[in-house]
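What the coordinates show
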Amino acid sequence: MSDPDVVVIGAGPSGLAAASVTGAAGLKTLVLDDQPAPGGQVWRAAEARRQRAFPPPRLAYEILEPARANATIANTCDVIDLAEGPSVTALHRRTGTVREYTPSAIIIATGAMERPLLIPGWTLPGVMSVGALQTAMKQSSLVPATPVALVGQGPLLLLVARELRKLGGAVGIVISLGERLPGRAALRHLPRAVLCDPGLMAQGAGLAAELAASGVAVVRNPDGLAIEGNRQAERIVVTKNGRSDAYPAQLIALHDGVIPNTQLTRLMNLDHTWRGEDEAFAPRIAADGTTEHEGIFVAGDAQGINGAALAVHSGRTVGAHVAQTLGRPAPSSTPARQKGARAFISALYPPTPVTRFAADDTVLCRCEGVTVGAARRAMKAGATGPNRVKTATRCGMGPCQSRLCGNALTRLLAHELGRPPDEIGALRIRPPLKPILLGDIAAPQLAASS
Amino acid sequence: MSLFRRATPIGETVNIVVDGNPVAAQEGDTVATVLLCEGRLGFGAKEGPLTPYCLIGVCFGCRVTIDGRDGEQACLIPVREGLQVETEATGERS
């Protein structure tokens, strides 16, 4: 395809919604996505799952089909750089080719990722995130063959507990980080949540009631957690009121809510601010997606966590604004629906402090095997920010480039140094965004010069 | 023994090779889900130190060698007939 007018990065709800609007407005639109098929995480493998048990909701197809019709969607494609201009460089893995695009507009729609939950032993094989369990289910219809321990908190954990049971997977135990009933902080937001988003609230209450009725053992509000095993997970030890109980489990799934994926927005040095309710940085973005860089826009959960339905709305709004900016008529979008239930959900499941369960020998950076204790020693030696801890310990320097540990490192620093995360800041992100081979970069230059 | 089983088949058989052994995957699988289904949780030298954590391309815990290319994220690569996967060559820190 010749150079597109618009490149959308990410084929989840907001990216697909934005692409169908810009495409329908007559702009040549290309969607780049690193996953095997469009849908993002929430609608993963939507097209393949159409005929399977538990397909995604109808909304997924209502967004995906027009995006297919109006835009080109390139999957299995890693963005490796993004720059002012704007320009984006991507590795198309199917063909092994690197291409640089210089469109008029780039829409960053990289969505959300799970907030890591640091527990001693969380790097043992057999431990994964609750989202990963759901991914295995959606992608390949895999369910645990052994009773799984679900550990953590949040709507996704309850949803996955239901989906696992429906597909015949066994849930052995749920270790819930909070109490059974909402505390005062959450109750304060309950009336507005029920009023603004009764459907979502009813769904959540239904999930909680189902879990209670399922007979699965639930342990709540532990004082301490540790995963133990020789070479792989064998048990999880729960300490509560001075007593420790070991629950055998070879498969243990962790979850503590989701945070915006800010890898690209931080690469672009956009102005980020700490969102207390997400315990994460998010770029400071206008509702229409405009950033301080001309031609670069941000849509959906990459702006801050609001969920799939509002991500669709955000994608449409940003897509329409981009089309209008480029001189094409586009349907103007209605103002965003109130984020009704978000405050309640955030108060009900307050993000777990990094130090709640982690000990000094708990791994902080999985790629480089850097422990919480090593980061603390660096701080004691004078490292006052994440980039200094990185220099001293290699934390965040591995192949994931701090995607997984970056948020925890900022929070650990804020906790240890008693300073607000906005002052602590985040690790710098540099290209290439994914490890690539020298030959990948050299090939187009060689081809051009021959 | 695998910690995962397939609740329902998802597609036609796709034959791939993992560490020299033939493995029957299914159309729609990623390399990572095949490895999970095969009971492979730890990759890299001596079954470690890598293990998949997120399965969405964030954690890099599922890096393997695919068709001779080192450091590929198994969760992002769909299976195709004849695909060669090596799990032991990756993950050693140099």
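See the structure above.
Residues numbered from 1 in each chain as written. Chains lettered and ligands numbered in written order. Predicted model: local features only at pLDDT ≥ 70, side-chain atom pairs only at ≥ 80, totals over all residues. Heavy atoms only, no water.

1. Notes on the overall build of chain B
For chain B, the helix and strand inventory stands at one helix and six strands. Listed N to C, the secondary structure of chain B is β-β-β-α-β-β-β in terms of helices and strands. Here chain B holds 94 residues, and 60% of them are scored as buried. For chain B, restricting intrachain contacts to residue pairs at least 6 apart in sequence, the fraction spanning at least 24 positions comes to 44%. In the form shown here, chain B has an accessible surface area of approximately 3,800 Å², with 48% of it arising from carbon and sulfur atoms. (Helix = DSSP H or I, 4+ residues; strand = E, 2+ residues; numbered from the N terminus. Buried < 20%, exposed > 50% of the residue type's maximum accessible area, 1.4 Å probe, protein only. Contact = heavy atoms within 4.5 Å. Areas by Shrake-Rupley, 256 points an atom, 1.4 Å probe, with all protein chains shown as cover.)

2. Brief notes about helix H12 (residues 386-393) of chain A
Each full turn of the α-helix corresponds to 3.6 residues, which orients residues three or four apart in the same direction. All names here are of chain A. Listing the buried residues of H12 in full gives Pro386, Asn387, Val389, Lys390 and Thr393. Viewed along the axis of H12, the buried residues span an arc of 160°, placing them on a single side of the element. Pointing more than 90 degrees away from the buried face of H12 are the exposed residues Arg388, Thr391 and Ala392. Positive backbone phi, approximately 75°, marks arginine 394, located one or two places after H12. (Arc of directions from axis to C-beta.)

3. As for the packing of helix H1 (residues 13-24) of chain A against helix H2 (residues 58-70) of chain A
Helix-helix packing: each pair is described by the crossing angle between the helix axes and the interaxial distance. Residues and elements named next belong to chain A. Two elements in contact, H1 and H2, have axes separated by 8 Å at closest approach and are oriented at 45°. In terms of axis orientation, H1 runs oblique to H2. Considering how the two elements wind past one another, H1 and H2 form a crossing that is left-handed. Residues Pro13, Leu16, Ala17, Ser20, Gly23 and Ala24 of H1 form the contact with H2, whose participating residues are Ile63, Leu64, Pro66, Ala67 and Asn70. For the contact of H1 with H2, the per-class residue count stands at eight nonpolar, three polar and no charged. (Axes fitted to C-alpha atoms, helices over the stretch in contact; angles between N-to-C directions. Parallel < 35°, antiparallel > 145°, perpendicular 65-115°, else oblique. Left-handed = near helix turned anticlockwise from the far one by under 90°. Nonpolar A, V, L, I, M, F, W, Y, C, P; charged D, E, K, R; others polar.)

4. Considerations on the sheet that holds strand E2 (residues 13-18) of chain B
Residues and elements named next belong to chain B. One open sheet holds the five strands; their spatial order is E3-E2-E6-E4-E5, and the pairing between them is mixed. Single-partner strands in this sheet number two, and they are strand E3 (21-26) and strand E5 (69-73). Across the sheet, the mean angle separating the axes of adjacent strands is 40° when strand polarity is ignored. In this sheet, strand E6 (residues 84-86) lies alongside E2 in parallel orientation, the contact comprising two bridges. By the bridge assignment for E6, valine 18 is matched with valine 85. (Pairing = 2+ DSSP bridges.)

5. Let's talk about helix H4 (residues 155-166) of chain A
Residue and element names in this part refer to chain A. Helix length check: H4 (12 residues) gives 17 Å between terminal C-alpha atoms against 16 Å at 1.5 Å per residue, within 8%. Taken residue by residue, H4 has Leu157, Leu158, Val160, Ala161, Arg162 and Leu164 as its buried positions. Buried residues belonging to H4 abut helix H3 (130-140), strand E10 (142-144), strand E11 (148-153), strand E12 (171-176), helix H7 (198-213) and strand E17 (251-256). Glycine 168 sits one or two positions beyond H4 and adopts a positive phi of about 90°. (Expected span 1.5 Å × (residues − 1).)

6. Examining the sheet that holds strand E3 (residues 72-74) of chain A
All names here are of chain A. Read from one edge of the open sheet, five strands run E3-E2-E1-E7-E21, paired in parallel fashion. With partners counted over all chains shown, the strands left at the sheet margins are E3 and strand E21 (296-298), one partner each. The sheet shows a mean angle of 20° between the axes of neighbouring strands, direction not considered. Strand direction decides the pairing type here: strand E2 (residues 29-32) and E3, joined by three bridges, are parallel.

7. Focus on unusual backbone geometry
With an omega dihedral of -5°, the bond running from glycine 85 of chain A to proline 86 of chain A counts as a cis peptide bond. Cis peptide bonds are those with omega within 30 degrees of zero, and the linkage from proline 431 of chain A to proline 432 of chain A qualifies with -5°. Examined against the element boundaries, proline 432 of chain A turns out to sit in the loop between helix H14 (421-424) and helix H15 (438-449). Although it is not a glycine, asparagine 269 of chain A sits at a positive phi angle of roughly 55°. Unlike most non-glycine residues, leucine 55 of chain B shows phi in positive territory, near 60°.

8. Observations concerning the pattern of salt bridges
This model, assessed by the stated rule, comprises 27 salt bridges over all chains. Between aspartate 3 of chain A and arginine 99 of chain A there is a salt bridge, with its nearest N and O atoms 3.7 Å apart. Taken together, the residues aspartate 3 of chain A in the segment before strand E1 (6-9) and arginine 99 of chain A in strand E6 (residues 97-101) connect sequence positions 96 residues apart. The exposure class of arginine 99 of chain A is partly exposed, given its relative accessible area of 30%. Across the salt bridge formed by arginine 69 of chain B and aspartate 440 of chain A, the nearest N and O atoms sit 2.5 Å from each other. In this pair, arginine 69 of chain B sits in strand E5 while aspartate 440 of chain A sits in helix H15, so the two residues belong to two different chains. (Salt bridge = Lys/Arg side-chain N within 4 Å of Asp/Glu carboxyl O.)

9. Some details on the packing of aromatic side chains
As enumerated under the stated definition, the model contains two aromatic pairs over all chains in all. Aromatic pair tryptophan 122 of chain A and tyrosine 53 of chain B: ring centres 5.3 Å apart, planes at 90°, arrangement edge-to-face. Of the two residues, tryptophan 122 of chain A sits in the loop between strand E8 (112-114) and strand E9 (127-129) while tyrosine 53 of chain B sits in the loop between helix H1 (31-37) and strand E4 (63-66), which places them in two different chains. Side by side, tryptophan 122 of chain A and tyrosine 53 of chain B carry an identical accessibility label, which is buried. For the ring pair tryptophan 274 of chain A and phenylalanine 281 of chain A, a centre distance of 4.8 Å and an interplane angle of 85° mean the geometry is edge-to-face. Take tryptophan 274 of chain A and phenylalanine 281 of chain A: they sit in the same class, and that class is buried. (Phe/Tyr/Trp six-rings, centres within 6.5 Å; stacked < 30°, edge-to-face > 60°.)

10. Considering the side chain of lysine 138 of chain A
Residue and element names in this part refer to chain A. Looking at the secondary structure, you find lysine 138 in helix H3. Put simply, lysine 138 is tucked away with no salt bridge, and the nearest opposite charge, on glutamate 163, sits 6.0 Å away. Side-chain polar atoms of lysine 138 contact the backbone oxygen of glutamine 41, separated by 3.0 Å. For lysine 138, the residues in contact, after removing those within four places along its chain, are Gln41, Val42, Arg44, Ala45, Arg49 and Arg52. (Lys, Arg positive; Asp, Glu negative; His and termini not counted. Polar contact = N/O pair within 3.5 Å; in protein donor to acceptor, adjacent residues only side chain to side chain.)

11. Remarks on the pairing of E17 of chain A
Side chains on a regular strand alternate between the two faces of the sheet. All names here are of chain A. Counting buried positions along E17 yields six of six residues, so the element is predominantly enclosed. Every second residue of E17 is oriented toward a common face, with Leu251, Ala253 and His255 on one face and Ile252, Leu254 and Asp256 on the other, all of them buried. Examined bridge by bridge, E9 and E17 share three bridges and lie parallel to one another. Of the residues in E17, the one forming a bridge with valine 127 is isoleucine 252. Here E11 pairs with E17 via six bridges, running parallel. Its bridge partner lying in E17, valine 151 is registered against leucine 254.

12. Regarding the nonpolar core
If you look at the biggest cluster of nonpolar residues, it comprises 55 residues, and the most contacted ones within it are Ile252 and Leu254 of chain A. Every element with two or more residues in this core is listed here: E11, E12, strand E14 (224-228), strand E15 (235-240), E17, strand E22 (363-365), helix H11 (372-380) and helix H13 (406-417) of chain A. (Core = buried A, V, L, I, M, F, W, Y, C linked by side-chain atoms within 4.5 Å.)

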